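What follows is the residue order along each chain.
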Amino acid sequence: MIWDSALISKYDLSGPRYTSYPTAPQFNASISKIALIDKMLTPSDADLSLYFHIPFCAHLCYYCACNKIVTKQYDKGVEYVELLGEEMRLRSLMLDHSRKVTQLHFGGGTPTFLTEDLIKVLFDNINQYFNLVNDGSQDYSIEIDPREISYSKIKLLTEMGINRISVGVQDFDHKVQQAIHRIQPYSMVESLVNDARALGIKSINFDLIYGLPYQSIDGFKNTLEQVIALAPERISLFNYAHLPDRFPAQRRITDDVLPLSSMKLDLLKMSIEYLLEAGYEYIGMDHFAKPSDELAIAQKQETLRRNFQGYTTHAGTDLIAFGVSAISDLNGVYIQNYTDLTDYRSSIEKGQLAIAKGYISDRDDRIRHYVIMTLISQFQLNMTLVEQRFKIDFKEYFAEEMDSLTPMLQDGMLEFDPSGMQTTIKITDRGRLLIRCICMVFDKHLNNTVKYSKVI
């Protein structure tokens, strides 16, 4: 990957992260709930990917932009797990119970907010309504707050089939941790990693954030050195988006302690160089993985894709999501639950699915979905295969888009590679960091009034 400062400055844009296409701002609350339910009833033999959103957090992290409920009343999990159980029952009525659950993810909030007894109840319900596998082939993961975990809870999770964890590290610098209200020393994370590995967790992901208050090159380099010492299989390096008008907790972070834009770019450049030198491969956007990790292997085999949890090795599964704000993806049919817990509870207690809004993709959406997801996952797109798959003339169908790619072609972000009867769009090493900008060219729904994060 080549860092081109002039190019990054030129394409200093904001845009979607493309965990779906069309993206969430296109979901419509006025869409017929009957039409969405009808799509749920469409027979399928695809494997399942299940997602559970646990919104509770015992601590308020000032940087956080997730859908969360901050409370130390751990008994709130009791009612919520009951609601999840009823939602599972309702959704399972529409599914063939023989379909295997090959991927399972718990996000939040803080999923480990739940007590061990509640975790057992939740898994009992999942096993009752779905066909979980526990033979080593599963990809079952959970997000972990190091402050809300114990050895016995990790042990229980592995017994339930969890074999992958994602740890919110952010930064090991104590001054930064104080500023974002998330104190978790290196020793705490080290203990968690050692316990997880001893209990058979096969893959660990660390979430890091650059652009936080008081961060410096030397300070974040120290964090990276400590991260490398713990050797997680995957690393997510996120850009902190300071949007205090949208996320009230961020008002606790004042502008004067945040690094300047130029410093954020320096932090990102240093981090990328450091991780690559340490042997990690750049998967895309803000994700890195060891060469032996399934993400890196899937990218080489051109089977890598994206969904609402980020890059995934489980292309072709139907994603069914449970809990407040959760989004399901049934082959281009998107269904989002209510984002407010009161509305979610009210629907479930009435015996109704908690559908707030959704979207049903048309043929053009599916074509563009394939193009965007292939580019953002593989950094190349075989136009001939697109033509064969969708029965179109690529250059004619995307005539405007091809014209829009011309400046990017001239800037060396991409190239057209003819090979025999096939032509491939290849993203160059110089263009990889700006892949979102390239994907945005093919997004017919892109709305400049929506506030997206910066692509860099």
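Residues numbered from 1 in each chain as written. Predicted model: local features only at pLDDT ≥ 70, side-chain atom pairs only at ≥ 80, totals over all residues. Heavy atoms only, no water.

Taking an unreviewed UniProt entry as the reference, the chain is identified by name as Coproporphyrinogen-III oxidase belonging to Marinomonas alcarazii. According to the UniProt record, the Sequence similarities (unreviewed entry) comment for the chain reads "Belongs to the anaerobic coproporphyrinogen-III oxidase family." (UniProt positions renumbered as here; feature names shortened; annotations may be inferred.)

The UniProt feature table records "binding site: S-adenosyl-L-methionine 1" (unreviewed entry) at Y51, G108, E143 and I327. By the secondary structure assignment, Y51 is in strand β1 (residues 48-54). Sequence-distant contacts of Y51, that is, excluding residues within four places in its chain, are made with H105, F106, G107, G108, Q309, L319, I320, A321, F322 and A326. Checked against the element boundaries, G108 lands in strand β4 (residues 100-108). (Helix = DSSP H or I, 4+ residues; strand = E, 2+ residues; numbered from the N terminus. Contact = heavy atoms within 4.5 Å.)

Spanning 13 residues, helix α7 (residues 186-198) covers 18 Å between terminal C-alpha atoms, matching the ideal 18 Å at 1.5 Å per step. Buried residues of α7: V189, L192, V193 and A196, and no others. Down the axis of α7, the sector holding all buried residues measures 95°, keeping them to one side. Looking at the buried positions of α7, the neighbouring elements they touch are β6 (139-144), α5 (151-159), β7 (164-170), β8 (203-210) and α8 (217-230). Directly beyond the C-terminal end of α7, a positive phi value near 100° is found at G200. (Expected span 1.5 Å × (residues − 1). Buried < 20%, exposed > 50% of the residue type's maximum accessible area, 1.4 Å probe, protein only. Arc of directions from axis to C-beta.)

A word on the UniProt feature "binding site: S-adenosyl-L-methionine 2" (unreviewed entry) in the chain. Mapped onto the present numbering, the UniProt feature "binding site: S-adenosyl-L-methionine 2" (unreviewed entry) falls at Y63, C64, A65, G109, T110, Q170, R182, D207 and A241. With respect to the helices and strands, the residue D207 is situated in strand β8. Every residue in contact with D207, bar those within four places of it in the chain, is listed here: S166, V167, G168, V169, Q170, S236 and F238. Its location among the elements puts A241 in the loop between β9 (234-239) and α9 (261-277).

Here the focus is the side chain of S166. Along the chain, S166 turns up in strand β7. When sequence neighbours within four positions are dropped, the list of residues in contact with S166 reads I142, E143, I144, N205 and D207.

Mapped onto the secondary structure, Y397 falls in helix α14 (residues 394-397). Under the relative-accessibility criterion, Y397 is labelled partly exposed at 28%. Those residues in contact with Y397, other than ones at most four positions away along the chain, are D364, I367 and I392. Polar contacts involving the side chain of Y397 include one to the side chain of D364, which spans 2.5 Å. (Polar contact = N/O pair within 3.5 Å; in protein donor to acceptor, adjacent residues only side chain to side chain.)

Turning our eyes to something else, we now look at α8. If you check α8, its first and last C-alpha atoms are 20 Å apart, about what 14 residues at 1.5 Å a residue would give, namely 20 Å. The inward-facing, buried residues of α8 abut β7, α7, β8, β9 and α9. Among the residues trailing α8, A231 stands out with phi positive, at a value near 55°.

Its boundaries defined by the atoms lining it, the second largest pocket holds a volume of some 630 Å³. Around the second largest pocket sit 24 residues that line it, and G316, D329, N331, H369 and R389 are the ones nearest its centre. Of all the secondary structure elements, the ones that give two or more residues to the lining of the second largest pocket are β12 (305-307), β14 (318-322), α12 (363-378) and α13 (383-390). Its residues assigned to classes, the lining of the second largest pocket comprises 7 nonpolar, 10 polar and 7 charged. (1 Å grid on protein atoms, 1.4 Å probe; cavity = no way out; pocket = protein on both sides within 12 Å on 5 of 7 lines; lining within 4 Å. Points joined across faces, edges and corners; volume = space filled by probe spheres on them. Nonpolar A, V, L, I, M, F, W, Y, C, P; charged D, E, K, R; others polar.)

The subject of this paragraph is the domain arrangement of the chain. What the domain assignment lists for the chain is domain 1 (1-22 + 362-455) and domain 2 (24-322). A straight line from the C-alpha centre of domain 1 to that of domain 2 covers 27 Å. Taken over both partners, the interface formed by domain 1 and domain 2 buries close to 2,200 Å², and the fraction arising from carbon and sulfur atoms is 59%. Among the residues of domain 1 in contact with domain 2, W3, T19 and Q378 are the three that bury the most area, contributing 27% of the side total. Where domain 1 packs against domain 2, one counts 1 salt bridge. A salt bridge links D286 to R17, with the nearest nitrogen and oxygen atoms 2.7 Å apart. The biggest single contributor to the side of domain 1 that touches domain 2 is α12, with 6 residues. Residues of the side of domain 1 that touches domain 2, tallied by class, amount to 13 nonpolar, 7 polar and 5 charged. (Domains from an automatic or database assignment. Buried area = accessible area lost by both parts, 1.4 Å probe. Salt bridge = Lys/Arg side-chain N within 4 Å of Asp/Glu carboxyl O.)

With that out of the way, let us pick up the pairing of β4. In terms of burial, β4 is a largely internal element, 8 of the 9 residues being buried. Where β1 and β4 come together, 7 bridges link them in parallel fashion. Within the sheet, the bridge partner assigned to S49 lies in β4 and is Q103. Relative to strand β5 (residues 131-132), β4 runs parallel, the two being bridged by 2 bridges. Bridge assignment links V101 to a residue of β5, and that residue is L132. As a crossover connection, the stretch from β4 through helix α4 (residues 116-129) into β5 is right-handed. Note that β4 and β6 share 4 bridges and pair parallel. Within the sheet, the bridge partner assigned to H105 lies in β6 and is S141. (Pairing = 2+ DSSP bridges. Right-handed = clockwise from strand over helix to strand, strands pointing away.)

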